[in-house]
Amino acid sequence: MTIHVCNRLALTIVGLCAALQTSAAQEKAGPDTLRGTYVRLGGRGETGSDGVLYEPSSPSRIALLFAHPGESNFNHAAGREMARRGYRILMINHADDVSPADAYAPSTSAALKYLRGLPGVEKVVIITHSGGGHHMAFYQNAAEN
């Protein structure tokens, strides 16, 4: 099971790197061509979530979802930098970092549904760092099983 997950992660990273290379021509987009939109994802109480969608003027068919519990992700550099490279990226804020990972699954599902509903989006890649890793691994496992 662990090897299977590691292989999937490696393939996802390779795919993301390949997508980054194919969008190199879009790197010329400057900060003035980016648009930020507030997105309400819902949820209740401490597990309520919201997000900011960063979009370039000419977005890729791949959209990104970024989350890390317990901190504001709206101004994380990944949002602006990935949008400058041609990707739509939804930066999710979760209310706390003490709730179990399954508490965030509804808002993650809502975020994925939102991104998949955007015109031109063919694939959504979930990215995160540090404490967000267990949250995204949980969601991937729940989605597959």
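Residues numbered from 1 in each chain as written. Predicted model: local features only at pLDDT ≥ 70, side-chain atom pairs only at ≥ 80, totals over all residues. Heavy atoms only, no water.

Undergrad: Account for the sheet that holds strand 2 (residues 49-55), naming residues and giving values.
TA: The strand order across the open sheet formed by five strands is 1-2-4-3-5, and the pairing between neighbours is mixed. Each edge of the sheet is formed by a strand with only one pairing partner; in this case those strands are strand 1 (35-42) and strand 5 (123-127). Strand after strand, the sheet turns through a mean of 25° between neighbouring axes, direction not considered. Bridge count for strand 3 (residues 62-67) against strand 4 (residues 88-94) is five bridges, and the pairing is parallel. (Pairing = 2+ DSSP bridges. Helix = DSSP H or I, 4+ residues; strand = E, 2+ residues; numbered from the N terminus. Axes fitted to C-alpha atoms, helices over the stretch in contact; angles between N-to-C directions.)

Undergrad: Residue-level account of the nonpolar core, with values.
TA: Formed by 17 residues in total, the largest nonpolar core has its most connected members in Leu-53, Leu-65, Leu-90, Ile-92, Ala-111, Leu-115 and Val-124. Elements represented by at least two residues in this core include exactly strand 1, strand 3, strand 4, helix 3 (105-116) and helix 4 (132-144). The biggest single contributor to this core is helix 3, with four residues. Discounting residues that sit within four places of it in the chain, Leu-65 has contacts with Leu-90, Ile-92, Thr-108, Ala-111, Leu-112, Leu-115, Val-124, Val-125, Ile-126 and Ile-127. Counting 15 residues, the second largest nonpolar core, distinct from the first, contains Tyr-54, Ala-78, Met-91 and Ile-127. (Core = buried A, V, L, I, M, F, W, Y, C linked by side-chain atoms within 4.5 Å. Buried < 20%, exposed > 50% of the residue type's maximum accessible area, 1.4 Å probe, protein only. Contact = heavy atoms within 4.5 Å.)

Undergrad: Describe the side chain of Arg-88, listing the residues and the values that go with them.
TA: Relative to the assigned elements, Arg-88 resides in strand 4. The exposure class of Arg-88 is buried, given its relative accessible area of 9%. A distance of 3.4 Å separates a polar atom in the side chain of Arg-88 from a polar atom in the side chain of Glu-55. Here Pro-119 takes part through its backbone oxygen, which lies 2.8 Å from a polar atom of the side chain of Arg-88. Look past the residues within four positions of Arg-88 in its chain and what remains in contact with it is Leu-53, Tyr-54, Glu-55, Pro-56, Pro-59, Ile-62, Ala-63, Leu-64, Leu-118, Pro-119, Gly-120 and Val-121. (Polar contact = N/O pair within 3.5 Å; in protein donor to acceptor, adjacent residues only side chain to side chain.)

Undergrad: Can you explain the confidence of the model for the protein chain? Please cite residues and give values.
TA: The predicted model of the protein chain averages 75 in pLDDT, with 67% of residues at 70 or higher. Of all helices and strands in the protein chain, the one with the weakest mean pLDDT is helix 1 (residues 2-22) (53), whereas strand 3 scores best (90). Low pLDDT, under 50, characterises residues 1-5; the stretch is placed with two contacts to residues that sit more than four places away or in other chains. Low pLDDT, under 50, characterises residues 22-31; the predicted model gives this stretch twelve contacts beyond four residues in sequence or across chains. (pLDDT = per-residue confidence, 0-100.)

Undergrad: Give a detailed account of helix 4, specifying residues and quantitative values.
TA: In this model helix 4 runs 19 Å from its N-terminal to its C-terminal C-alpha over 13 residues, within 8% of the 18 Å that 1.5 Å per residue would give. Turning to helix 4, its buried residues are Gly-132, His-135, Met-136 and Tyr-139. In an axial view of helix 4, the angular spread of the buried residues amounts to 90°, which keeps them on one side of the axis. On its buried face, helix 4 is in contact with strand 3, strand 4, helix 3 and strand 5. (Expected span 1.5 Å × (residues − 1). Arc of directions from axis to C-beta.)

Undergrad: Give me the lowdown on the pattern of salt bridges, citing residues and values where you can.
TA: Here the structure, examined in full by the defined rule, presents five salt bridges. Among the salt bridges present, the one from Arg-88 reaches Glu-55, with a minimum N-O distance of 3.4 Å. Of this pair, Arg-88 sits in strand 4 while Glu-55 is found in strand 2, placing the two residues 33 residues apart along the sequence. Its salt-bridge partner being Glu-81, residue Arg-84 comes within 2.7 Å of it at the nearest N-O pair. With Arg-84 and Glu-81 both in helix 2 (residues 77-84), this residue pair falls three residues apart, about one helical turn. On the basis of relative accessibility, which here comes to 33%, the residue Glu-81 falls in the partly exposed class. Each of Arg-35, Glu-55 and Arg-88 takes part in one network of salt bridges that share partners. (Salt bridge = Lys/Arg side-chain N within 4 Å of Asp/Glu carboxyl O.)

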